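# Chains, contacts and geometry: an overview
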Amino acid sequence: MPSIAPADRAPAPNLLLPRGPRPGAHRVVVLALDGVYPFELGIPHRVMGSADGHYEVLTASVDGQPVRTDSDLTVTPGHGPEVLAGADTVVIPPYAISRASAAAPDPRALATLARVRPGTRLVSICTGAFLLAAAGLLDGRRATTHWALAADFQELFPRVEVDASVLFVDHGDVVTSAGAASRVDVCLHLVRQDHGSALANRVARCCVVPPYRDGGQAQYIERPLPPATRTGTGPTRDWALRRLELPLTLTELAAHAAMSTRTFARRFQEETGQSPGRWLTQQRLRRARHLLESSDLPVERVAHEVGFATATSLRRHLAAEAGVAPSTYRRTFRALSPAAVNVREASEPEG
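Described below are features of the structure shown in this document. Remember, it's a predicted structure, so these values are computed and weren't measured experimentally.

## Things to note about the packing of aromatic side chains
Counting across every chain of the model gives five aromatic pairs. Considering the side-chain rings of Phe130 and Phe157, the 6.2 Å spacing of their centres and the 70° angle between planes classify their relative orientation as edge-to-face. Placement of Phe130 in helix 4 (residues 128-134) and of Phe157 in the loop between helix 5 (150-156) and strand 8 (161-162) is noted, with a sequence separation of 27 residues between them. In this structure Phe130 comes out as buried when scored by relative accessible area, which is 3%. Since its relative accessible area comes to 10%, Phe157 is described here as buried. Taking the centre distance of 5.5 Å and the plane angle of 50° together, the rings of Phe264 and Phe268 count as tilted. Residue Phe264 and its partner Phe268 are located together in helix 10 (residues 261-272), separated by four residues, close to a single helical turn. Residue Phe268 is classed as buried on the basis of its relative accessible area, which comes to 2%. Three or more aromatic residues link up through ring pairs in this structure, and these residues are Phe130, Phe153 and Phe157.

## Side note on the nonpolar core
Leu33, Leu84, Ile92, Leu138, Phe153 and Val160 are the most contacted members of the largest nonpolar core, which totals 30 residues. Sorting elements by how many residues they give to this core places helix 4 first, with five residues. Apart from the residues lying within four places of it in its own chain, the contact partners of Leu84 are Val29, Leu31, Ala60, Val90, Thr112, Arg115 and Val116. Of all hydrophobic cores here, the second largest spans 29 residues; its members include Leu41, Val57, Cys187 and Ala200.

## Focus: helix 7 (residues 197-207)
For helix 7, the complete set of buried residues consists of Leu199, Ala200, Val203, Ala204, Cys206 and Cys207. Along the long axis of helix 7, the arc covered by the buried residues comes to 160°, so they all point the same way. Along helix 7, the residues that are exposed and aim more than 90 degrees away from the buried face are Ala198 and Arg205.

## Some details on the pairing of strand 2 (residues 55-60)
Most of strand 2 is tucked away: five of the six residues are buried. Here strand 1 (residues 26-31) runs beside strand 2; their pairing, made up of six bridges, is parallel. Its bridge partner lying in strand 2, Leu31 is registered against Ala60. Handedness of the crossover joining strand 1 and strand 2 through helix 1 (residues 38-48): right-handed.

## Digging into the sheet that holds strand 6 (residues 121-125)
Spatial ordering of the open sheet is given by 2-1-5-6-10-9, a layout of six strands whose pairing is mixed. Strand pairing shows two members of the sheet lacking a second neighbour, strand 2 and strand 9 (168-170), which therefore form its edges. The average angle at which neighbouring strand axes cross in this sheet is 15°, direction not considered. Of the strands in this sheet, strand 1, strand 2, strand 5 (89-92) and strand 6 are in contact with helix 1, which crosses strand 2 at around 165°.

## Observations concerning the environment of Leu33
Structurally, the position occupied by Leu33 is in the loop between strand 1 and helix 1. Among the residues examined, Leu33 registers a relative accessible area of 7% and is labelled buried. Sequence separation of Leu33 and Pro66 is 33 residues, and the distance between their C-alpha atoms is 9.9 Å. Excluding residues that lie within four positions of it along the chain, Leu33 makes contacts with Val62, Val67, Arg68, Ile92, Tyr95, Ala109 and Leu131.

Procedures and definitions
Residues numbered from 1 in each chain as written. Predicted model: local features only at pLDDT ≥ 70, side-chain atom pairs only at ≥ 80, totals over all residues. Heavy atoms only, no water. Phe/Tyr/Trp six-rings, centres within 6.5 Å; stacked < 30°, edge-to-face > 60°. Helix = DSSP H or I, 4+ residues; strand = E, 2+ residues; numbered from the N terminus. Buried < 20%, exposed > 50% of the residue type's maximum accessible area, 1.4 Å probe, protein only. Core = buried A, V, L, I, M, F, W, Y, C linked by side-chain atoms within 4.5 Å. Contact = heavy atoms within 4.5 Å. Arc of directions from axis to C-beta. Pairing = 2+ DSSP bridges. Right-handed = clockwise from strand over helix to strand, strands pointing away. Axes fitted to C-alpha atoms, helices over the stretch in contact; angles between N-to-C directions.

Shape is all these values report; function is a separate question.
Put into structure tokens, the structure is as follows:
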């Protein structure tokens with residue numbers, strides 16, 4: 001936290017009042033669309049505007065008029081669409097959409113986006129990717145959005161390769177990112193790409209956020225269980241969920257369902273979209289994540305409680321799904337004291 005300098009000392013720089021843009025600063029224009037989310041709208045200003053004057057961050061609307069947000073307030077951007085023509089980076093924050101508006105966005109938004117000059121870097125967060133896709137700017141590319149919208153996005157824009165498992169995807173000229181806090185990650189990533197890690201770390205410290213989360217780190221996706229019916233493999237899935245701590249085999253599962261292993265595996269795939277082995281792993285991880293969030297059990301005990309043979313196996317599977325180690329996942333979802341974190345880090349090797 002910035003300190004107050006004694007009267008006999010030169011005052012320290014005020015980290016909460018970032019310096020204005022330098023001459024020739026990289027111009028970032030944030031395009032506020034109808035229904036914009038206020039939190040994400042302000043993040044480029046807060047993060048990139050804290051980068052020692054390297055960026056000039058402006059906000060624009062499609063007509064220069066006030067914009068209704070998704071909350072009970074209206075914002076008045078300082079500029080109209082004409083500023084996009086001089087932008088070095090254009091950011092599309094998330095905005096409230098319906099399926100109809102996602103497939104056919106406001107023509108004024110598309111016309112505003114058409115003002116962007118070739119070579120300008122385009123950045124979207126969450127639903128902002130829908131506008132880029134509708135404009136054809138993501139065709140043939142890998143892109144991401146909020147995991148809960150990925151299926152609709154893929155259906156509406158089949159020419160885009162949707163990857164809902166990552167925080168952001170950077171193609172250099174086009175960057176797409178996931179929901180809410182990933183906006184901080186992608187803005188810090190842009191500062192790091194443009195000006196190096198030292199400046200990005202200073203910005204992160206000023207904003208009191210972690211300095212780095214790899215874009216390939218998984219979004220924390222909620223995976224609801226498919227409904228269990230009283231026919232097919234449903235009763236066996238219920239039975240298995242009550243015995244996840246046991247080393248369940250395909251033969252045991254098929255025997256419980258009174259099917260051959262081949263028939264059971266086929267029916268299971270048809271009903272859940274997954275193989276029995278993959279489904280078991282996901283359910284064990286789902287329970288492990290719950291225990292990591294809600295208990296102080298050591299990682300070794302969590303692994304045993306959910307059916308992984310060793311803590312190493314749990315670490316490997318969690319890293320593959322969420323991109324983090326168990327203790328990192330626990331810190332993300334639990335408010336632990338520094339002392340508790342230090343004790344856990346010392347007692348739980350992440351090898």
